[in-house]
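The primary structure of each chain is shown beneath.
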Amino acid sequence: MLNNAKFTSSLKKHQNSFHPVVPFDAAKDKLLPMNLTATNADLNNKELEDAGRFAAYIDKKIKDAGALYGIGGYAEHRVIYNRSNVFDMPGAEPRRLHLGIDIWGDAGTPVFAFMGGMVHSLAFNNRIGDYGATLILLHQLDGIAFYSLYGHISLDDINNRQAGEYVTRGETIAHFGPLAENGNWPPHLHFQLIYDMEMKKGDYPGVCAYSEKDRYLMNCPDPDMVLNMMQYARQD
């Protein structure tokens with residue numbers, strides 16, 4: 001089904017040609033690595049169950065570090081999904097393994113197309129803990145079709161788009177959405193690469209069960225091959 005080696009090889013080959021996904025100057029902007037696993041003793045149910053408190057926690061961490069964004073989360077086994085039944089189906093293994101990279105920052109932060117593509121699908125996944133406003137683009141690279149997913153964006157971004165539209169490299173395609181539009185999360189972008197959409201439209205799992213880790217990580221490789229940002233994330 002998936003020639004992951006060829007896909008990831010193409011991403012790495014073109015890595016230096018991709019446009020930034022968010023405004024970021026490595027020479028002056030700091031990135032704070034965010035830990036949303038059970039090893040983070042700062043996180044407790046009071047923070048996670050109240051969206052306002054969770055947003056204040058994220059904002060304070062970023063501001064106290066003097067950072068522009070908080071970032072991280074690929075292949076991270078997280079506790080934060082306890083706050084929503086979106087990730088817990090009766091009788092099924094809970095979904096906790098994160099498949100994208102989250103960039104936490106101010107609502108309204110612009111999001112750019114890293115390369116040209118076409119709008120595959122869009123949706124307002126309006127459940128607490130879900131993506132909220134969601135945009136999915138289709139791309140071609142070295143003859144390989146693949147997708148990029150932008151979750152937790154603004155409703156205006158999808159209300160002004162339709163499937164089949166083309167986007168150009170560097171075009172503003174979205175903005176970090178506010179809580180009321182982004183699934184009730186602190187403002188951030190969930191950025192994910194997907195090889196096979198499996199016939200889905202407007203949505204694709206951004207979190208999987210741990211037992212399905214290998215299959216999903218194969219289909220959703222590290223988004224930092226496009227972002228080129230994790231090397232700049234530091235605690236100091």
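Residues numbered from 1 in each chain as written. Predicted model: local features only at pLDDT ≥ 70, side-chain atom pairs only at ≥ 80, totals over all residues. Heavy atoms only, no water.

Q: Is there a simple way to think about the overall build of the protein chain in this case?
A: Per the secondary structure count, the protein chain includes six helices and twelve strands. Counting every position in the protein chain, which comprises 236 residues, the buried fraction comes to 53%. Look at the contacts in the protein chain between residues 6 or more apart in sequence, and 74% of them connect residues 24 or more apart. Surface exposure of the protein chain reaches about 10500 Å², of which carbon and sulfur atoms provide 50%. (Helix = DSSP H or I, 4+ residues; strand = E, 2+ residues; numbered from the N terminus. Buried < 20%, exposed > 50% of the residue type's maximum accessible area, 1.4 Å probe, protein only. Contact = heavy atoms within 4.5 Å. Areas by Shrake-Rupley, 256 points an atom, 1.4 Å probe, with all protein chains shown as cover.)

Q: Would you take a moment to explain the side chain of H139 for this structure?
A: Mapped onto the elements of the fold, H139 is located in strand β7 (residues 132–141). Of note is the side chain of H139, whose polar atom sits 3.0 Å from the backbone oxygen of G116. (Polar contact = N/O pair within 3.5 Å; in protein donor to acceptor, adjacent residues only side chain to side chain.)

Q: Help me out: how do you make sense of the sheet that holds strand β4 (residues 101–104) in this one?
A: Picture the strands of a sheet paired through backbone hydrogen bonds; they go either parallel or antiparallel. The eight strands lie next to each other as β1-β2-β4-β11-β8-β7-β6-β9, forming an open sheet whose pairing is mixed. Each of the sheet's edge strands pairs with one partner strand only, and the pair in question is β1 (31–33) and β9 (166–167). Alignment of β7 against strand β8 (residues 144–153), held across nine bridges, turns out to be antiparallel. Each residue of the ladder has a partner; that of Q140, found in β8, is A145. Strand contacts of helix α1 (residues 4–13): β7, β8 and β11 (188–194), with the helix running at about 70 degrees to β8, the strand carrying the most contacts. (Pairing = 2+ DSSP bridges. Axes fitted to C-alpha atoms, helices over the stretch in contact; angles between N-to-C directions.)

Q: Hey, could you run me through the pairing of β8 in this one?
A: The two faces of a sheet get side chains in turn, since along a regular strand they alternate between them. The buried fraction of β8 amounts to nine of the ten residues, a majority that puts the element mostly inside the structure. Summarising the sheet, β8 and β11 pair through five bridges and their orientation is antiparallel. Residue pairing for β11: L149 is matched across the bridge by Q192.

Q: Honestly, the side chain of S148 in this entry has me stumped. Any pointers?
A: The residue S148 is located in strand β8 in this model. A polar atom in the side chain of S148 sits 2.7 Å from the side chain of H139. In contact with S148, other than residues within four places in its own chain, are F114, L135, I136, L137, H139, F191, Q192 and L193.

Q: Mind showing me how you'd approach unusual backbone geometry here?
A: Peptide bonds are trans in most cases, and residues, glycine excluded, mostly fall at negative phi. At M199, a position not held by glycine, the phi torsion is positive, near 70 degrees. In this fold, M199 is placed in the loop between β11 and β12 (207–209). The exposed category is assigned to M199, whose relative accessible area is 82%. Backbone geometry places N228, a non-glycine residue, at a positive phi of 55 degrees. Within the secondary structure layout, N228 lies in the segment after α6 (224–227).

Q: Explain α1 to me, please; I cannot follow it from the model alone.
A: In an α-helix there are 3.6 residues to a turn, and that puts residues three or four apart on one side. Of all the residues in α1, the buried ones are N4, F7, T8, S10 and L11. Taken around the axis of α1, the buried residues stretch over an arc of 155 degrees, which confines them to a single face. Residues of α1 that are exposed and point more than 90 degrees away from the buried face comprise A5, K12 and K13. (Arc of directions from axis to C-beta.)

Q: Which parts of the structure should I look at to understand the nonpolar core?
A: Proteins that are soluble and globular tend to have nonpolar side chains buried together. Counting residues in each nonpolar core, the largest one holds 37 residues, and the members touching the most others are V21, I103, F114, Y150 and L189. Among the elements of the structure, α1, β2 (69–72), β4, β7, β8, β10 (172–175), β11 and α6 are those that each provide at least two residues to this core. Apart from the residues lying within four places of it in its own chain, the contact partners of I103 are V22, Y69, G70, I71, F176, H188, L189, L227 and M229. Among the nonpolar cores identified, the runner-up in size contains 13 residues, and Y147, M197, C208 and L217 belong to it. (Core = buried A, V, L, I, M, F, W, Y, C linked by side-chain atoms within 4.5 Å.)

Q: Explanation requested: the packing of aromatic side chains in the structure shown.
A: A complete count under the given rule lists eleven aromatic pairs for this structure. Relative to F146, the ring of F7 lies with its centre 5.1 Å away and its plane at 50 degrees, an arrangement referred to as tilted. In this pair, F7 sits in helix α1 while F146 sits in strand β8, placing the two residues 139 residues apart along the sequence. For the pair Y204 and Y216, a centre-to-centre distance of 6.2 Å together with 65 degrees between the ring planes defines the contact as edge-to-face. Here Y216 lies in helix α5 (residues 213–219) and Y204 lies in the loop between β11 and β12, a separation of twelve residues in the sequence. A single burial state applies to Y204 and to Y216, both of which are buried. Taken together, the ring pairs connect F7, F18, F114, F146, Y150, F191 and Y195 into an aromatic cluster. For R215, the ring lying beneath its charged end belongs to Y216, and the centroid distance is 4.2 Å. (Phe/Tyr/Trp six-rings, centres within 6.5 Å; stacked < 30°, edge-to-face > 60°. Lys NZ or Arg CZ within 6 Å of the ring centre and 35° of its normal.)

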